[in-house]
Amino acid sequence: LGFLRKHLLECKWVAVALVILFGYWFEQQAVAPYMLVNIGLISFAAVLQFAPVILGGIFWRGANKMGAGLALVGGFVTWFYTLLVPAFIKSGLLNSDLLNSGFGGIRFLKPEALFGLTAFEPLTHSVFWSLLFNVVFFVGGSLIFEQSPEEESQAEEFVSSLSAMSTLRYTPKQEAYVDLAVKKKEIEAL
């Protein structure tokens, strides 16, 4: 895609225009029947999919990129199916058969009653299933796929630095000096 280099600014403008147009279309088609609060809750449930990966990456040495990728895909697909698809159906964009009979006519795959769970409201139902799949795929993917040596060293440095913080002590007689070039290289590598 090197030929696009001289047209990069125009490509950015087109991308921004497409996002704005999609947002406008979505607002006209799917949001109109819903209040702004409901759309905010749907968006919050989508952003919540990053929480297990972020927390797992901070505190678990065994986390890896493959597990994080699987978690995000699994969580977002489940969120889309259990929360966004019903929104499209209720606004008339999709056929209501999926909501009533489930995917492929399988009643356990109804978007608002996935695997027969009907005790929750639609938002709670979606957050429960999407985060469950997210965490299962994150842990499972991280256990199945091995970390690369780079991921292993980064995880060791990062997680170990959290436990080392409690051992730091103030020593007033030392000179305060940090080699910024070395630190910059370490940060870029991490």
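Numbering of residues begins from 1 in every chain and follows the order in which that chain's sequence is written. The predicted nature of this model means local features are confined to residues of pLDDT at least 70 and side-chain atom pairs, given and counted, to a pLDDT of 80 or more, with totals for whole chains, interfaces and linings taken over all residues. Excluded from the side-chain calculation are hydrogens and water; included are all heavy atoms of the structure.

Caption draft 1: Region of the structure containing the nonpolar core. Among the buried residues, those of types Ala, Val, Leu, Ile, Met, Phe, Trp, Tyr and Cys that are joined through side-chain atoms within 4.5 Å form a nonpolar core. The buried label goes to any residue with under 20% of its type's maximum accessible area, the exposed label to any with over 50%, and the partly exposed label to all in between, with areas taken from a 1.4 Å probe on protein chains only. The biggest cluster of nonpolar side chains holds 10 residues, and these are F26, I39, I42, A45, A46, W79, L83, L84, A87 and F88. Starting at the N terminus, helices and strands are each numbered in turn, a helix being any DSSP run of H or I of at least four residues and a strand any DSSP run of E of at least two. Per element, the largest residue contribution to this core is five residues, and it comes from helix α4 (residues 65–90). Any two residues whose heavy atoms approach within 4.5 Å at even a single point are treated as in contact. Not counting chain neighbours up to four residues away, the residues in contact with W79 comprise I42, A45, A46, Q49, L84, S126 and S130. Counting residues in each nonpolar core, the second largest holds five residues, with V53, A63, A71 and F138 among its members.

Caption draft 2: Just the side chain of S126, in detail. Examined against the element boundaries, S126 turns out to sit in helix α6 (residues 122–144). In this structure, S126 is in contact with W79, T82 and L83, ignoring residues within four places of it in sequence.

Caption draft 3: Up close: the pattern of salt bridges. Only one rule defines a salt bridge in this text: a Lys or Arg side-chain nitrogen within 4 Å of an Asp or Glu carboxyl oxygen. Applying the stated criterion to the full structure yields one salt bridge. Among the salt bridges present, the one from E186 reaches K183, with a minimum N-O distance of 3.6 Å. Here E186 pairs with K183, and both are found in helix α8 (residues 180–189), just three residues apart, close to one helical turn. Exposure remark for E186: the relative accessible area of 45% places this residue in the partly exposed category. K183 sits in the partly exposed class, given a relative accessible area of 41%.

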